[in-house]
Amino acid sequence: MIGQRILVPVDGSSHSCRAVEYAIKLARCMEKEILLIHLHKQLYGPSFLKGEPYYQQALNQILSQSKELLAPFRQLIDQAGINFEERIMEGPAGDKICEVAQLEKCEMIVMGSRGCSELHGLIMGSVAHRVLHLAACPVIVVK
């Protein structure tokens, strides 16, 4: 199944929504599947330090929020009739996106130019910037 997927990382931003819409158009034209991923931040803080059951409760909350965040994107892709898979992952977004694209042998990455991060890049989001420099496949950055 080499090159049968378009990787679309989302974070709930309006740029992510436009990236999903663009990926749907590409998937239709190219007869590809979409791999939708959301990367949450690594779990640190009091819950992490206290151990069980606090860690598991915090993780369950993050997973619930991530599933809720993915719901509108899932609905868009589903309504378009495009085959897709979704994944919720943890870690530094720029690195993980490239890693997943390579492991899954994705044809390309389609992502928003800016996300919901606390620190915004001046011209382009830091995650998009990192993916552009690290990815082994083509990257389409959607405004």
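Residues numbered from 1 in each chain as written. Predicted model: local features only at pLDDT ≥ 70, side-chain atom pairs only at ≥ 80, totals over all residues. Heavy atoms only, no water.

## Brief notes about the overall build of the protein chain
- Counting secondary structure elements, the protein chain contains five helices and five strands.
- Helices and strands in the protein chain line up, N terminus first, as β-α-β-α-α-β-α-β-α-β.
- Out of the 143 residues belonging to the protein chain, those deemed buried represent 39%.
- Look at the contacts in the protein chain between residues 6 or more apart in sequence, and 76% of them connect residues 24 or more apart. (Helix = DSSP H or I, 4+ residues; strand = E, 2+ residues; numbered from the N terminus. Buried < 20%, exposed > 50% of the residue type's maximum accessible area, 1.4 Å probe, protein only. Contact = heavy atoms within 4.5 Å.)

## As for the packing of helix H4 (residues 93-103) against helix H5 (residues 126-134)
- It is at 8 Å that the axes of H4 and H5 come closest, and there the two elements cross at 40°. What the angle tells us is that H4 and H5 run oblique. Classified by chirality, the crossing of H5 by H4 is right-handed. Along its contact with H4, which presents Ala93, Gly94, Asp95, Ile97 and Cys98, the element H5 presents Val127, Arg130, Val131 and Leu134.
- Taken together, the residues of the contact of H4 with H5 break down into six nonpolar, one polar and two charged. (Axes fitted to C-alpha atoms, helices over the stretch in contact; angles between N-to-C directions. Parallel < 35°, antiparallel > 145°, perpendicular 65-115°, else oblique. Left-handed = near helix turned anticlockwise from the far one by under 90°. Nonpolar A, V, L, I, M, F, W, Y, C, P; charged D, E, K, R; others polar.)

## Some details on the sheet that holds strand S1 (residues 5-9)
- Strand order in the open sheet formed by five strands is S3-S2-S1-S4-S5, with parallel pairing between adjacent strands. Here the strands that pair on one side only, and so sit at the sheet edges, are strand S3 (84-90) and strand S5 (139-142). Sheet twist, expressed as the mean angle between neighbouring strand axes with direction ignored, is 20°.
- One ladder, built from seven bridges, connects strand S2 (residues 33-40) with S3; its direction is parallel. Paired with leucine 35 across the bridge in S3 is glutamate 85.
- Across the sheet, helix H1 (residues 14-30) lies against S1, S2, strand S4 (108-112) and S5, angled at about 150° from S4, the strand it touches most. (Pairing = 2+ DSSP bridges.)

## Overview of the side chain of histidine 15
- Take histidine 15: it is sitting in helix H1.
- For histidine 15, a relative accessible area of 18% corresponds to the buried category.
- Residues contacting histidine 15, with those up to four places away along its chain left out, are Gly112, Ser113, Arg114, Val142 and Lys143.

## Comments concerning the nonpolar core
- Membership of the largest hydrophobic core comes to 19 residues, with the highest contact counts inside it found for Ile6, Val8, Val20, Ile34, Leu36 and Val110.
- Mapped onto this core, the elements with two or more residues apiece are S1, H1, S2, helix H3 (54-80) and S4.
- It is H1 that contributes the most residues to this core, six residues altogether.
- Other than its neighbours up to four places away in sequence, isoleucine 34 contacts Ile6, Val8, Ala23, Ile24, Ala27, Ile77, Ile82, Asn83, Phe84 and Glu85. (Core = buried A, V, L, I, M, F, W, Y, C linked by side-chain atoms within 4.5 Å.)

## Focus: the environment of valine 110
- For valine 110, the location among the structural elements is in strand S4.
- Through-space distance from the C-alpha of valine 110 to that of isoleucine 6 is 7.0 Å; in sequence the pair is 104 residues apart.
- The residues touching valine 110, leaving out its near neighbours within four places in the chain, are Ile6, Leu7, Val8, Pro9, Ala19, Tyr22, Ala23, Leu26, Ile140 and Val142.

## Topic: unusual backbone geometry
- For glutamate 31, which is not glycine, the phi torsion reads 55° and is therefore positive.
- Position of glutamate 31 relative to the elements: it lies in the loop between H1 and S2.

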